[in-house]
Amino acid sequence: MVQTLSEMRADECGSILEIHGGQGLLNRLGALGIIPGKKITKISTASMRGPVTIQVNRTQVALGFGMASKIIVDVDRGVK
Amino acid sequence: MKILLMGNPNVGKSVLFSRLSGVRVLSSNYPGTTVGYTRGFTKVNNEPAEVIDVPGTYTLEPTCEAEEIALKMLKTGDVVISVIDATNLERNLYLTLQLLEKDIPVIVALNLWDDTRHRGINIDLDKLQSILGVPVIPTSALTGYGIKNLVKNIPKASAPHAPTRSLDERWALIGNITGQVQQITHRHHRWYERLEDASVKPRFGYIIAALVLSASFFIIRFIGEGLIGYLFDPLFNNLWTPVLMKLSNFMGGGGFLHDVIVGKLISGQIHFVESFGLLSSGLYVPLAMVLPYIVSFYLILGLLEDIGYLPRLAVLLDTTMHRLGLHGYAIIPTLLGLGCNVPAVLATRVLESKRERFIAATLVCIAIPCVSAQAMIFGLVGKYGVQYVAIVYATLFIVWLVLGTILNRTMKGLSPELLIEIPPYRLPPWRTVFQKLEMRIRGFLVEAVPIILAAVLVINVLFVMGVFDYIANFAAPVITGILGLPKESVTAIIIGFLRKDAALGMLALSPMTAKQMVIGSIVLTMFFPCIATFVVLLKELGLKDFLKSAGIMISSAIIVGGILNILL
């Protein structure tokens, strides 16, 4: 199932399909290992459209809700 | 030879730097502790070499001021020690690959090596070394493991002149490398990993934050008050008072020199706040009123920093901070500001935009009282009752919210979104916690005590010369008219430019009602930063923005003081 990172539920895994953003955003996310093809696990979304925390590689990264809405993920359903 | 220590934020560069150079620098468990660079010296092959602790960066395409500093430093170095967090090889290799594309010899320090084993990570060092084409040395800066080996191998650093790659090519290569050299054994989540996840989840996160913050507050007060009541007050009252009284008798109990050195006697007695002599208030204010809180505040802050809690607080408070034109990470300079505004203003360098840095620095200078000011507020305003201390804090908090909202609405631009790495929780060894505390206490004693003594001296001299009367009459319309303070308190406001603690002590000299004390404390906090903060703020913002910031400080102090004068 394809969803944005902000729509994904906590504790779901998936792999990034694409990132809609300018070169600046792609570079910033890319330096942290957030690139298309990467496997990620969502940890949480803070309340009131707050930052989304994910696990990528062996790092936890928190990113703003807006940024998370630009990241399209192929979500693995039913797999933990 | 100039050696640069470079790497991602929070991989232990500063600890490694201390090991190499013997120079002690502050380190914590969150990205962005080092925002400027520190230099020190070490020996390589018995030749002296300069070592530079460069701020952490994820990429050589800078995204904030601290990263820009890192890039500038790269051009000046002779050799780079690329510091890698061995428990996080993938992400850390990205910067290393970028460095290998540059024209500078590189050696890799695989730091946090001792952590890999119990995290189930196995790295084939020889293979990694042959793929990268530069020496790879496992180290553990915290314990000192591998440091000698690292230094011995610095001359072997080499520049493989790797071809310039694109972002995708680098990540493809990293996938390839880690596939060959790294084996990860799966293991179950530990309890602290569950706690890590819980502290950024909506419901649990806020409960944990409320517990952590209120516990911190009560522990800080408990230790601070304990030190004052059971250690410093008895020391001063029982040991120091008799000495001063002897000295006072010897000097004839009065006169200019007596009043400067011992202070004015109040009904024949030394009063440690009101006497205002060099050896009475000049020592009592910094040592018995402020120092206890410096100890307790920095002990707790140091623990929160080293455990790695602060970035999680940034995630939880992000939505609130956006209303003030900031993002969640601005909570770190704000919390540092509760200790001292100087490192707080410097720490705004982790924020991405100029607008954000301006708002964050201005808000810190206006609404965040440093620990020196807070200790005096507790000591002096607290005498009238706890509710008055609460009014001071509530007012400053409202000012922080309202002023931030106004700045956010009126300044052009948007607040950028949060993008931060959340470090794992680590239990800091007590030795490092106390070393850091000792550094901060020493900093206070060396920097603050001389300024307080100078302030006391200057006040005494100007007092005798009648300078204050002249200024007091001049400033009376604002001071008494708008703020409702006795006109003598203008001296306190002037001294506030030097240091807030001395100024608050001054404020207590003239007879004040509870209301006047509350307004006086708030105005003193907001009005202008102390001289040390002033210098840093000017340097960080530039003259134009500094003047703008100062204008906001002065006008908001007068407006808020005026409103309180009507309301209370």
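One can find the structure itself at the top, above this paragraph.
The rules we used
Residues numbered from 1 in each chain as written. Chains lettered and ligands numbered in written order. Predicted model: local features only at pLDDT ≥ 70, side-chain atom pairs only at ≥ 80, totals over all residues. Helix = DSSP H or I, 4+ residues; strand = E, 2+ residues; numbered from the N terminus. Buried ≥ 20, exposed ≤ 12 C-beta atoms within 10 Å, placed from the backbone. Contact = placed C-beta atoms within 7 Å. Rg over C-alpha atoms; globule rule 2.2 N^0.38 Å. Pairing = 2+ DSSP bridges. Axes fitted to C-alpha atoms, helices over the stretch in contact; angles between N-to-C directions. Core = buried A, V, L, I, M, F, W, Y, C linked by C-beta atoms within 7 Å. Domains from an automatic or database assignment.

Asker: Would you mind showing me how to read the overall build of chain B here?
Answerer: A tally of helices and strands in chain B yields 24 helices and nine strands. In terms of overall dimensions, chain B has a C-alpha envelope of 80 × 55 × 45 Å along the principal axes. Looking at chain B as a whole, 48% of its 568 residues qualify as buried. Residue pairs in contact within chain B that sit at least 24 positions apart in sequence constitute 72% of those at least 6 positions apart.

Asker: Help me understand the overall build of chain A in this model?
Answerer: The secondary structure content of chain A amounts to two helices and six strands. The linear arrangement of helices and strands in chain A, starting from the amino end, is β-β-α-β-β-β-α-β. In terms of C-alpha radius of gyration, chain A reaches 11 Å, essentially the compact-globule figure of 12 Å for 80 residues. For chain A, buried positions account for 46% of its 80 residues. Across chain A, the fraction of contacts at a sequence separation of at least 24, relative to all contacts at a separation of at least 6, is 60%.

Asker: I would appreciate a short explanation of the sheet that holds strand β7 (residues 136–138) of chain B in the present structure.
Answerer: Each strand in a sheet pairs with another by means of backbone hydrogen bonds, the pair being arranged parallel or else antiparallel. Residue and element names in this part refer to chain B. The six strands are arranged β2-β3-β1-β4-β5-β7 in an open sheet whose pairing can be described as mixed. In this open sheet, the two edge strands, each paired with only one partner strand, are β2 (38–44) and β7. Here the average twist between neighbouring strands, direction ignored, is 25°. Pairing of strand β5 (residues 106–111) with β7, which is carried by three bridges, proceeds in the parallel orientation. Bridge pairing in β7 links A109 to I137. Each of β1 (2–7), β4 (79–85) and β5 is contacted by helix α3 (residues 89–100), which is oriented at about 165° to β4, the strand it contacts most. Each of β5 and β7 touches helix α5 (residues 125–132); the most contacted strand, β7, lies at about 150° to it.

Asker: Help me out: how do you make sense of the nonpolar core in this one?
Answerer: Nonpolar side chains in soluble globular proteins tend to end up buried together. Residues and elements named next belong to chain B. The biggest cluster of nonpolar side chains holds 181 residues, and the ones touching the most others in it are V108, A314 and M526. If you tally residues by element for this core, the top one is helix α11 (residues 281–307), at twelve residues. Composition of this core by domain shows at least three residues from each of domain 1 (2–184) and domain 2 (203–418 + 430–567). Here M526 is in contact with I366, A367, V399, M553, S556, A557 and V560, once residues within four sequence places are set aside.

Asker: I tried to follow the sheet that holds strand β5 (residues 59–63) of chain A on my own but got confused; where do I start?
Answerer: Overall, antiparallel pairing links the seven strands, which are arranged β1(A)-β6(A)-β2(A)-β3(A)-β4(A)-β5(A)-β9(B) in an open sheet. Edge positions in the open sheet fall to β1 (2–4) of chain A together with β9 (419–422) of chain B, since each of these has one partner strand only. On average, each strand axis in the sheet is tilted by 40° relative to the strand beside it, whichever way the strands run. Strand direction decides the pairing type here: β1(A) and strand β6 (residues 71–76) of chain A, joined by three bridges, are antiparallel. Paired with A:V2 across the two strands is A:D74, which belongs to β6(A).

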